[in-house]
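The residues making up each chain are set out below.
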Amino acid sequence: MLGTLVVPLGAALLVAFLPARAARAVAGAAAVTTFIAALLMPADAFLSLPWIDGLGITFSLGSAGAASVLVLAAALAMVPAVIWAALQVEERNASFLALLLAMQGFLNGVFLAKDLVLFYVFWDATLIASLLLLGGWGLERRREATAKYLAYALAGSFLMLVAILALRPLSGADSYLIGDLLEATPALPPNTQMWLFAAFAVAFAVKMPMLPLHSWLVDFHDQNHPSGAADVAGTLYKVGAFGFFAWAIPLLPAAAERWSPLLIALSAVTALYAAIIAARQEDLKRLLAYASLSHMGIAGVGVFALELTGSNGAMYLLAAQMLTTGGLFLLAGMLHARSGTYLLAAYGGLARSAPALAAITLFVLFASIGVPGLANFPGEFLSLLGAFQASVTAGVVAVCAVIAAGVYGVNLYQRIYQGRAEFRASDLRAAEVVVLMPILAGILWLGLTPAPQLERIEVQSRVALESSTGETAGNPPAGITATLQEEKR
Amino acid sequence: MFPPALDINWLALTPPLVLLFTAAAGLFFALFQSNGRSTAVLSLVGLVTAAVFTLVLFQDGRAGAGSAAFGLHYLADLPAAAFQLLIILGTVIAVLVSYDYLERTGLDHPEYYPLMLLSATGGMVMSAAGDLITLLLGLEITSLAVYVLSAWRQGARESEEAGMKYFLLGAFASAVLIYGIALTYGATGHFVYAEVVAAVTAPGFQSLLLATLGGLLLVAGLGFKASMVPFHQWAPDVYTGAPTAVTTFMSVVVKTAAFAALLRVASTILPELSPVVLELFVWIVGLTMIVGNLAAYVQRGVKRMLAYSAVAHAGYLGLAVLAVDSGGLQAATWYLLAYTLMTAGAFAVLTLLGDRFDHGDDLERFAGLSRTRPMLAAAMAIFMLSLAGIPPLAGFAGKVMVFGAALQAGYFLLAVIGILTSVVAAAYYFRVIAFMYFREPAYGAPRYRSAFTSTAVVLAAVGTVLLGLFPGLWYGLLESGARVVAGL
């Protein structure tokens, strides 16, 4: 488990000081090694080292629950991103790769952290890495985008820091370990919980992102390096839903219950609004940015349903998103490498000259809009199922978002690959196929065999929800997977 | 003067005495020298020697054997030793930074280093002061030398102005402090902290009003030295006008000494004098965080920005002072260590960027530094990120400790203000990083390289990272400190 932190972070340090050629080799090897480490990571590993004794802060990591699945999906998505960046980024290649790897290491830390302060440390560290990627390699308006991103993210995370630091003196917990906190914080008076939850919610909602705190995201993707590799990192980074799921909801159940109607409504609206806006975009990258925003809205309704099926689905969708949205950004980067633009108007009819590219894009698009059998479907389906149990209205709105996703997805494919205009470009090169392979494999893996991952996630969902209701929540795991299997047929 | 029964503990006095004698020897040598090379080396030797003695006291303090030199007038306990170590560290960095900065800017006179040591001596006395008179003596020794140092560039208007301004305002602040001491003495009949407390808490205490007034003036006088709002106005001008190497010294060593004194006063006398004083201090801390950060945000010059940032950090330290009973002492000494490393480091980088007359601290100087001097830019980025409180650097752990202590003590609103102002702070620290990394060089590579300043920069940068990753290195060492203070 420690390998998923040590390998990328150590490699990042090493890569930063290596000459370009060696840096590429090391970075690629590190990405693959991290994936192997994630693959071999036991689903119940736990590690706790003393860190700041006097303050009850420890260095604790645990792989149980959603963390193992998310780390694995992130590691898989990172392999193509690193290879693609090694091929495409010309300026200060080694630094770019180092930041990508650092990003991954910190992100794994966010997923694995079992100590709240440690979680915060990793949370902010990812911010710096993605900020430097955007600021150092972005397009002309990168400075504005960086400033906006920084302002939103820091305002959120500092608020969260207050809440984190206040949790222990208020609740009298022994330490910042999740186990100790879970024993003490749910007993806090509801009003105190409301305030603390609100502070967490701002930080997490910025990262999800959720209306009305979403406006940094589009600029972030719009201004990032054209290769799309940095966008993959940005896609991985949308861990707001995970923050709610793993920390805010279980620690402050009474507040979660009270806030959930508002949050579920906001998520549903985010999902629909972003999908509609995505359908009207003229710029490929902006379209993808809004699309991923829409997906996070759906993950949001799943999480805030405060119900087993929805939580499982949301975490699953998060993992699937890393692959599908990440894959789409990489494909967009490949298109950019051929045409030098992201404007949809510049494309058209590409399927004739580049059939393989068209086919793969269609495949990833299908996965992204939730076609059964591919990665996003189980997550979306279960999230919506959860949403309906919590609020029929929110469920209906979110379903509309899924339908709208179909519209922009098909529209996107049509405008680039079909139509009268004739944009000609070479088809996929061997290297590009290699880059895309892990994504395709991952999409099939998550799409075809959801049961084992869902069962892993559910271990944590139960803990999260049991603390809020005080009783055993929802159906047993077998029930869930059975429902899912039925729906697929 | 002292009663014959008073047992003078010479070992407890060694750290400041070593510095004092080194300074005296340096001044003697200076008669025969034309530049400061030998006095600089002598100063470093003296500082290292003092550090060794302080470490001995530090170990004694950890073992619980807090010793005193003149009864309760001079305390050589764990907090004192900790602050003295911080003062030595800050002075070492300042000496290293000064070494070729002075040569380059034509300010190299041999008296410079002995003056710096004298000031550090005063800071050590302040750290260990157990009564108000000792405190005042330490404060004057510290200040007088720094007044001279800040006017070190003779003929340069801003430097002379800085010296004059600092001197006039400093003298005024001393007067305020002396009034405070006088009133406290008038009310209680004692100078020694412990005896003042005993007098105030004794049943039938009459002169509450007098004591309160005394406390207010004490806070004002010390607040000036610690550059807390509204007594901070001198700081940006003096920091900017003084030679950058001197600013390095002032911003870390003088501040450490001021907070050492403030912590002791706040942990003993202030809470007893009257709730009014404490309430006032709460306001001062809140305003310091707000004003310092907002003012730093609008600055274009990096030196001025750092000066206001030093004001802002005084606010964060003030939080620790308020929370002195809930781990605030540990938090404050820890924060001061982090602050010393990152602030001194940032000023050290700044000395390398200026021209021969130390001009040019505007942001443009930093443009594209990551291309022209990548290692220097990386170090500066570490300092800026750490000052902004971004994990996993020292500044973050410091904030966690300070805010944690404040929350523990029940100062929720202040902690929230602290965090919100940190967002503003992050914006101006990031501006420097953005200039270094996201812009093309405007002035070409900085001309100066210096082994000594680089050593200081590396020392500070490595320290900032290590301390951030392993906060226990220093935090754990201080655990028995709070008990010693409480047992006064």
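All figures in this text were calculated on a predicted structure; none of them were measured in a lab.

Visitor: I would appreciate a short explanation of the overall build of chain A in the present structure.
Guide: Secondary structure summary: chain A contains 21 helices and 2 strands in total. Here the C-alpha atoms of chain A give a radius of gyration of 21 Å, agreeing with the 23 Å that 2.2 N^0.38 yields for 489 residues. Overall size of chain A, expressed as C-alpha extent along the three principal axes, is 65 × 50 × 40 Å. Taking all 489 residues of chain A together, the buried fraction comes to 65%. Total accessible area on chain A stands at roughly 15,400 Å², and carbon and sulfur atoms take up 65% of it.

Visitor: Teacher, can you tell me more about the overall build of chain B here?
Guide: When helices and strands are counted, chain B shows 20 helices and 2 strands. Radius of gyration (C-alpha) of chain B: 21 Å, near the 23 Å computed for a compact globule of 488 residues. Considered along the principal axes of its C-alpha atoms, chain B spans approximately 70 × 55 × 40 Å. Counting across all 488 residues of chain B, residues that qualify as buried make up 63%. In the form shown here, chain B has an accessible surface area of approximately 16,300 Å², with 69% of it arising from carbon and sulfur atoms. Treating the 22 positive side-chain charges of chain B as one cloud and the 24 negative ones as another, the clouds have centres 11 Å apart.

Visitor: I would appreciate a short explanation of helix α1 (residues 10-30) of chain B in the present structure.
Guide: An α-helix turns once every 3.6 residues. As a result, residues three or four positions apart point the same way. All names here are of chain B. Helix length check: α1 (21 residues) gives 28 Å between terminal C-alpha atoms against 30 Å at 1.5 Å per residue, within 8%. The largest bend in α1 comes to about 45 degrees, at proline 16. For α1, the full list of buried residues reads Ala12, Leu13, Thr14, Pro15, Pro16, Val18, Leu19, Thr22, Ala23, Gly26 and Ala30.

Visitor: Explanation requested: the pairing of strand β2 (residues 57-62) of chain A in the structure shown.
Guide: Residues and elements named next belong to chain A. Burial within β2 is extensive, with 5 of its 6 residues counted as buried. The sheet contact formed by strand β1 (residues 46-52) and β2 spans 6 bridges and is antiparallel. Following the sheet pairing, isoleucine 52 is matched in β2 by isoleucine 57. Where β1 folds back on β2, the antiparallel hairpin that results is connected by 4 residues, among which glycine 56 adopts a positive phi of roughly 70 degrees.

Visitor: Honestly, the nonpolar core in this entry has me stumped. Any pointers?
Guide: Generally speaking, soluble globular proteins have nonpolar side chains that are buried together. Core analysis: the biggest nonpolar cluster contains 391 residues, and Phe242(A), Phe244(A), Met315(A) and Phe366(B) have the highest contact counts within it. In this view, Phe242(A) contacts Ala66(A), Leu70(A), Val110(A), Phe111(A), Phe119(A), Trp247(A), Met315(A) and Leu318(A); residues no more than four positions away in its chain are not counted.

Visitor: Help me out: how do you make sense of the confidence of the model for chain A in this one?
Guide: Low-pLDDT portions of the prediction should not be read for the details of their coordinates. The predicted model of chain A has a mean per-residue pLDDT of 83, with 95% of residues at 70 or higher. In the predicted structure, residues 470-489 of chain A sits below a pLDDT of 50 and forms 33 contacts with residues beyond four places in sequence or in another chain.

Visitor: Explain unusual backbone geometry to me, please; I cannot follow it from the model alone.
Guide: Note: most residues except glycine have negative phi, and most peptide bonds are trans. All names here are of chain A. Along the chain, methionine 208 connects to proline 209 via a cis peptide bond; the corresponding omega equals -15 degrees. You can see proline 209 is positioned in the loop between α8 (190-207) and α9 (215-223). The linkage connecting leucine 211 with the following residue, proline 212, adopts the cis geometry, with an omega of -5 degrees. Mapped onto the fold, proline 212 is located in the loop between α8 and α9. In the Ramachandran plot, leucine 306 falls in the positive-phi region, its phi being about 55 degrees despite a non-glycine side chain. Mapped onto the secondary structure, leucine 306 falls in the loop between α13 (284-304) and α14 (308-339).

Visitor: What am I meant to see in the interface of chain A and chain B here?
Guide: In many analyses, interface size is given as the accessible surface area lost on bringing the parts together. Contacts between chain A and chain B engage 32 residues on the former and 35 residues on the latter. Between chain A and chain B, roughly 2,700 Å² of surface is buried when both sides are summed, and carbon and sulfur atoms account for 81% of that area. Linking chain A to chain B there are 0 salt bridges. Of all the elements in the fold, those that place two or more residues in the side of chain A that touches chain B are β1, α5 (116-137) and α6 (142-171) of chain A. Here the element with the most residues in the side of chain A that touches chain B is α6(A); it accounts for 14 residues. Among the residues making up the side of chain A that touches chain B, the classes are represented as 23 nonpolar, 4 polar and 5 charged.

Visitor: It is not clear to me how a nonpolar patch on the surface should be interpreted in this structure. Could you clarify?
Guide: Together, Val458(B), Val462(B), Leu466(B), Leu469(B), Phe470(B) and Leu473(B) make up an exposed nonpolar region whose accessible area comes to about 520 Å². On the accessibility criterion, Val462(B) (45% relative accessible area) is partly exposed.

Visitor: Can you help me understand the confidence of the model for chain B in this one?
Guide: All names here are of chain B. In the predicted model, chain B carries a mean pLDDT of 86, and the fraction of residues at 70 or more is 94%. Within chain B, helix α4 (residues 112-128) carries the highest mean pLDDT (94), whereas helix α20 (residues 481-486) carries the lowest (47). Below pLDDT 50 for its whole length, residues 483-488 participates in 8 contacts with residues either more than four positions away or in separate chains. At the level of chain-chain contacts, confidence expressed as ipTM amounts to 0.80, with global pTM at 0.87.

Visitor: Looking at this model, I keep getting lost on the packing of aromatic side chains. Mind explaining?
Guide: The full count for this structure, using the stated rule, is 29 aromatic pairs over all chains. Between Phe96(A) and Trp137(A) the ring centres are 5.2 Å apart and the planes differ by 85 degrees, which places this aromatic pair in the edge-to-face class. With Phe96(A) in helix α4 (residues 93-112) and Trp137(A) in helix α5, the pair connects residues that are 41 residues apart, well separated along the chain. Aromatic rings pair up to connect Phe119(A), Trp123(A), Phe197(A), Phe200(A), Phe204(A), Phe244(A), Trp247(A) and Phe304(A) into one cluster. The side chain of Lys399(B) reaches across the aromatic face of Tyr316(B), ending 4.8 Å from its centre.

Visitor: Got a minute to help me understand the pattern of salt bridges in this structure?
Guide: Residue and element names in this part refer to chain B. Applying the stated criterion across every chain yields a total of 12 salt bridges over all chains. Of the charged contacts, one joins lysine 165 and glutamate 161 as a salt bridge, the two residues approaching to 3.7 Å between their closest N and O atoms. One end of the pair is lysine 165 and the other is glutamate 161, both in helix α6 (residues 157-188) and 4 residues apart, which spans about a single turn. Taking relative accessible area as the criterion, glutamate 161 reaches 43% and is therefore assigned partly exposed. Two residues, aspartate 237 and arginine 304, come together in a salt bridge whose shortest N-O distance is 3.2 Å.

Visitor: Can you walk me through the packing of helix α3 (residues 66-88) of chain A against α14(A) in this structure?
Guide: When two helices pack together, you describe them by how their axes are tilted relative to each other and by the distance separating the axes. Residues and elements named next belong to chain A. The interhelical angle for the contact between α3 and α14, taken along N-to-C directions, is 10 degrees, at an axis separation of 8 Å. If you check the angle between α3 and α14, you find them roughly parallel. Between α3 and α14, the contacting residues are Ala66, Val69, Leu70, Ala73, Ala74, Leu76, Ala77, Pro80, Ala81, Trp84 and Gln88 on the first element and Met315, Leu318, Ala319, Met322, Leu323, Leu330, Gly333, Met334 and Ala337 on the second. Looking at the contact of α3 with α14, its residues break down into 18 nonpolar, 2 polar and no charged.

Visitor: What exactly am I supposed to notice about empty space enclosed by the protein here?
Guide: Here the idea is plain: a probe the size of a water molecule rolls over the atoms and shows the empty space left. A full pass over the atoms with the stated rule returns 7 cavities of 30 Å³ or more. For the largest cavity, the calculated volume is near 70 Å³. In terms of lining residues, the largest cavity is bounded by Leu55(A), Leu165(A), Arg168(A), Pro169(A), Tyr176(A), Val400(B), Gly404(B) and Gln408(B). For the lining of the largest cavity, the per-class residue count stands at 5 nonpolar, 2 polar and 1 charged. Volume-wise, the second largest cavity comes out at about 50 Å³. Taken together, Leu284(A), Leu288(A), Leu328(A), Leu331(A), Ala332(A), Leu335(A), Thr361(A), Leu412(A) and Ile416(A) make up the lining of the second largest cavity. When contributions to the lining of the second largest cavity are tallied by element, the ones reaching two or more residues are α13, α14 and α18 (392-417) of chain A. Ranked by residues supplied to the lining of the second largest cavity, first place goes to α14(A) with 4 residues.

Visitor: Even after reading the chapter, I still don't get α14(A), so can you show me in this structure?
Guide: Residues and elements named next belong to chain A. Compared with the 46 Å implied by 1.5 Å per residue over 32 residues, the 46 Å span of α14 between its first and last C-alpha is a close match. Maximal helix bending in α14 amounts to about 35 degrees, located at glutamine 321. Within α14, 30 of the 32 residues are buried, which leaves the element mostly enclosed by the surrounding structure. Of the residues flanking the end of α14, it is glycine 340, one or two places downstream, whose phi is positive at about 75 degrees.

Visitor: Which parts of the structure should I look at to understand the packing of helix α10 (residues 244-273) of chain B against helix α12 (residues 302-322) of chain B?
Guide: Residue and element names in this part refer to chain B. In contact at an axis separation of 11 Å, α10 and α12 are set at 15 degrees when each is read in the N-to-C sense. Between α10 and α12, the interaxial angle falls into the category roughly parallel. Note that α10 runs across α12; the crossing there is right-handed. Taking contact as the criterion, the partners of Thr244, Thr247, Lys255, Phe259, Leu262, Leu263 and Ala266 in α10 are, on α12, Lys303, Ala310, Val311, Ala314, Leu317, Gly318, Ala320 and Val321.

Cut-offs used in this document
- Sequence order as written defines the numbering, with residues in each chain counted from 1.
- All chains are assigned letters beginning at A, and all ligands numbers beginning at 1, according to the order in which they are written.
- Per-residue local features of the predicted model are confined to residues with pLDDT of at least 70, and side-chain atom pairs are confined, for both listing and counting, to 80 or more; whole-chain, interface and lining totals are unaffected and use all residues.
- Processing note: side-chain calculations cover all non-hydrogen atoms of the structure and skip hydrogens and water entirely.
- Strands here are runs of E lasting at least two residues and helices are runs of H or I lasting at least four, both read from the DSSP assignment and numbered beginning at the N terminus.
- All radius of gyration figures rest on C-alpha atoms, and the globule criterion is 2.2 Å times the number of residues raised to 0.38.
- Exposure is judged per residue with a 1.4 Å probe applied to protein chains only, and the accessible area is read against the type maximum: over 50% gives exposed, under 20% gives buried, and values in between give partly exposed.
- For accessible areas, the Shrake-Rupley method is used with a probe of radius 1.4 Å. Any residue's cover is judged against the shown protein chains and nothing else.
- His is not counted, nor are the chain ends, whereas Lys and Arg count as positive and Asp and Glu as negative.
- Where a charge sits is defined by one atom per residue type, namely NZ (Lys), CZ (Arg), CG (Asp) or CD (Glu).
- Between the first and last residue of a helix there are one fewer steps than residues, each counted as 1.5 Å, and that sum is the expected span.
- We define the bend at each residue as the angle formed by axes fitted to the 7 residues ending at it and the 7 residues starting at it.
- At least two DSSP bridges between two strands are needed for those strands to be called paired.
- The criterion is simple. A nonpolar core is a set of buried Ala, Val, Leu, Ile, Met, Phe, Trp, Tyr and Cys residues joined through side-chain atoms within 4.5 Å.
- By definition in these notes, contact holds between two residues if any of their heavy atoms fall within 4.5 Å.
- Scored between 0 and 100, pLDDT is the confidence that the predictor attaches to each residue.
- Here the quantity called buried area is the total loss of accessible area, with a 1.4 Å probe, experienced by two parts when brought into contact, counted for both.
- A carboxyl oxygen of Asp or Glu within 4 Å of a side-chain nitrogen of Lys or Arg is what we treat as a salt bridge.
- Side-chain classes follow a simple rule in which Ala, Val, Leu, Ile, Met, Phe, Trp, Tyr, Cys and Pro form the nonpolar group, Asp, Glu, Lys and Arg form the charged group, and the remainder, Gly included, forms the polar group.
- Any residue with relative accessible area above 30% and no salt bridge may belong to a patch, with like charges joined within 9 Å and the nonpolar Val, Leu, Ile, Met, Phe, Trp and Tyr side chains within 5 Å.
- When the centres of two rings from Phe, Tyr and Trp lie within 6.5 Å, Trp using its six-membered ring, the rings pair. Their planes under 30 degrees apart give stacked, over 60 give edge-to-face, and anything left gives tilted.
- Put simply, a charge is over a ring when the Lys NZ or the Arg CZ is close to the ring centre, within 6 Å, and near the line of the ring normal, within 35 degrees.
- Whenever a helix is involved, its axis is fitted only over the stretch in contact; in every case the axis is a line through C-alpha atoms, and angles between N-to-C directions fall within 0 to 180 degrees.
- Here the word oblique covers every angle except those under 35 degrees (roughly parallel), over 145 (roughly antiparallel) and from 65 to 115 (roughly perpendicular).
- Lining residues are those with an atom within 4 Å of a point, where the points come from a 1 Å grid over the protein atoms alone and group into cavities, where a 1.4 Å probe fits but cannot get out, or pockets, open sets with protein on both sides within 12 Å along at least five of seven lines.
- Grid points are joined across faces, edges and corners, and a volume is the space filled by probe spheres set on the points.
- Helix crossings get a hand from a simple test, with the near helix turned counterclockwise from the far one by less than a right angle marking a left-handed crossing and a clockwise turn marking a right-handed one.

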